[in-house]
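# Descriptive analysis of the structure
As a plain string of letters, each chain reads:
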Amino acid sequence: MRKPFIIANWKMNKNVDEALNFLDDILGALPDSEKEDVGIAPQAFAIYPMMQLTRTIPLQIIGQNAAAKCNGAYTGEISVRDLAAMGVNYVMLGHAERRSIFKESNQIINQKILTALREGVSPIVCTNGDQKTVTKLGHCYDVFSQLDHVLSGVPVEQVHKIIFSFEPTAAIGTGNHADLETAEHGCLLLRQEIQRIYGPKIAEQIRILYGGSVNPKNVGLIMAAPDIDGVLIGRASLNAQNFVQMINYQQTTLARVM
Ligand code: PGA
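Residues numbered from 1 in each chain as written. Predicted model: local features only at pLDDT ≥ 70, side-chain atom pairs only at ≥ 80, totals over all residues. Heavy atoms only, no water.

Time to look at the layout of surface pockets. Its volume calculated, the largest pocket comes out at about 520 Å³. Residue lining of the largest pocket: 20 residues in total, with Lys11, Met12, Gln64, Arg98 and Phe102 positioned closest to the centre. Only α2 (44-54) and α4 (96-100) provide two or more residues apiece to the lining of the largest pocket. Among the residues forming the lining of the largest pocket, the class breakdown is nine nonpolar, seven polar and four charged. By volume, the second largest pocket is sized at about 350 Å³. What lines the second largest pocket is a set of 15 residues, among which Met1, Arg2, Pro4, Met223 and Tyr249 lie closest to the centre. (1 Å grid on protein atoms, 1.4 Å probe; cavity = no way out; pocket = protein on both sides within 12 Å on 5 of 7 lines; lining within 4 Å. Points joined across faces, edges and corners; volume = space filled by probe spheres on them. Helix = DSSP H or I, 4+ residues; strand = E, 2+ residues; numbered from the N terminus. Nonpolar A, V, L, I, M, F, W, Y, C, P; charged D, E, K, R; others polar.)

Right, let's get into the packing of helix α1 (residues 16-26) against helix α12 (residues 240-247). Two elements in contact, α1 and α12, have axes whose closest approach is 9 Å; the angle formed by their N-to-C orientations is 45°. The orientation of α1 relative to α12 falls into the category oblique. Two packed elements cross with a definite hand, and for α1 against α12 that hand is right-handed. Along the contact surface, α1 presents Phe22, Asp25 and Ile26, while α12 presents Ala240, Phe243 and Val244. Broken down by class, the residue content of the contact of α1 with α12 amounts to five nonpolar, no polar and one charged. (Axes fitted to C-alpha atoms, helices over the stretch in contact; angles between N-to-C directions. Parallel < 35°, antiparallel > 145°, perpendicular 65-115°, else oblique. Left-handed = near helix turned anticlockwise from the far one by under 90°. Contact = heavy atoms within 4.5 Å.)

Looking now at the site of the ligand. Close contacts around the ligand come from 13 residues, with Lys11, His95, Glu167, Gly173 and Ser213 the closest. Contact between the ligand and Lys11: an oxygen atom at 2.7 Å from a side-chain N or O atom of the residue. Here an oxygen atom of the ligand sits 2.7 Å away from a polar atom, N or O, in the side chain of His95. Among the residues forming the shell around the ligand, the class breakdown is four nonpolar, six polar and three charged. (Near = heavy atom within 4 Å. Polar contact = N/O pair within 3.5 Å; in protein donor to acceptor, adjacent residues only side chain to side chain.)

Now for the pairing of strand β5 (residues 122-129). The buried fraction of β5 is high, at eight of eight residues. Here β5 shows no split at all, with Ser122, Ile124, Cys126 and Asn128 on one side and Pro123, Val125, Thr127 and Gly129 on the other all buried. Pairing between strand β4 (residues 90-93) and β5: four bridges, direction parallel. Along β5, the bridge assignment pairs Val91 with Pro123. (Buried < 20%, exposed > 50% of the residue type's maximum accessible area, 1.4 Å probe, protein only. Pairing = 2+ DSSP bridges.)

Structure (structure tokens):
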């Protein structure tokens, strides 16, 4: 059984005061940590104060990005080693915005993944493609070639530490989430590709998240899809009330069924 993982990706939003106020609003409403993982990826400067407040609370504070190098003359970069020193367990790598705006290549994302694994931080590897490609062709070549490249040199003993996400480009930040069939199909194809590279046992264990315009209304349906193990939520996660609703999707779904 793969444990669901619901992650807020705040992108370049919320200062430290806003981030801490948000924690105040949600900490009393976290779901049962045996049944679900919850995480927030704030801006880098908010990680430390948020970690201080959540040391004993089952809420993952997640890096949005980190460099391929751990220290040295790399002005403006974030060291995954220092994230690890703060107790951070996860870092997002290769988000669509890192690829398109900051021109990160598969090669650099691959180096970042290898560094994060070496430093003991689990990468959340984002793959993205055109959702039309997924539906029309039944394949998503962009995603698959990304996967082959970014996983280069990741040994089979390490790959279970990685979480993957499938994010159709047209669904990110647009308010138009992928239709359910496309979201499930993309995640299933991703799992099949992981199976091709690492075998069925690993593919069965790996958590795959869907990202792209998830909101309180669609989260329950998306989470019910068999190959979707979690969601990466951008815009809709900025509001604490929305986020509380989304992390408690299991209760809401149950209430609807009953
Ligand atoms: P969105 O962002 O929910 O605003 O579409 C998702 C993401 O970029 O991970």
